[in-house]
Amino acid sequence: MKRTHATPLLGLALAGAVAGFLLEVALVASSLPMLVPPLTLPVTLVAIAIIVVAFAIPIYRAVHGHTKRRIDPFQAMRVAVLAKASSLAGAILGGAGVGVLAYMVSRRMLPGGDVIGLAVGATAAAVILLIAGLVAEHLCTLPPPGDDKEAPEAH
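Bear in mind that the values here come from a model prediction, so they are computed numbers and not experimental data.

Visitor: Go over the side chain of T4 with me, naming the residues and quoting the values.
Guide: The topology assignment puts T4 in the segment before α1 (6–29). Residue T4 is classed as buried on the basis of its relative accessible area, which comes to 15%.

Visitor: Tell me about the environment of S106, and please be specific about residues and values.
Guide: Positionally, S106 belongs in helix α3 (residues 73–106). Taking the C-alpha atoms as reference points, S106 and H64, 42 residues apart in sequence, are found 50 Å from one another. Within the structure, the side chain of S106 is placed 2.8 Å from the backbone oxygen of Y103, a separation counted as a polar contact.

Visitor: Any chance you could break down the packing of aromatic side chains for me, citing the residues and the numbers?
Guide: Inspection of every chain in the model, using the stated rule, returns one aromatic pair. Their ring planes at 75° and their centres at 5.6 Å tell us that F21 and Y103 sit as a pair that is edge-to-face. Of this pair, F21 sits in helix α1 while Y103 sits in helix α3, placing them 82 residues apart in sequence.

Reading guide: rules and limits
Residues numbered from 1 in each chain as written. Predicted model: local features only at pLDDT ≥ 70, side-chain atom pairs only at ≥ 80, totals over all residues. Heavy atoms only, no water. Helix = DSSP H or I, 4+ residues; strand = E, 2+ residues; numbered from the N terminus. Buried < 20%, exposed > 50% of the residue type's maximum accessible area, 1.4 Å probe, protein only. Polar contact = N/O pair within 3.5 Å; in protein donor to acceptor, adjacent residues only side chain to side chain. Phe/Tyr/Trp six-rings, centres within 6.5 Å; stacked < 30°, edge-to-face > 60°.

In structure tokens, the structure reads:
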């Protein structure tokens, strides 16, 4: 599995921004209420980010010799895939949050209450998830093949 590059993240963020903006336009044009992210969304996204990084730390420690505990390779692969999925989901949700915010601030009258604050919180939490996914993916990366520090030399 290759590491996540910036191109798909930027593409998903742009697609999410366009989709979020157009969804708000369509809802308001249909006389329906605007989509407002609930307070539980940022809390959940940050909790997922913490869990993803927490899953990756034991793999990093085992790979770099900080612990003697062996890691199941299937578990390591699952954590790496989870990290990649988290970064991609963070990108699309962050983009959608930016699209929703762009629609809200482009209106003549700003929405009342904490609507903008909730959208900012959801967008920030999505960016945190994106960063946590990239960090966890980095933690699951194997060192280059010729980088064995502890390998005894054959005589």
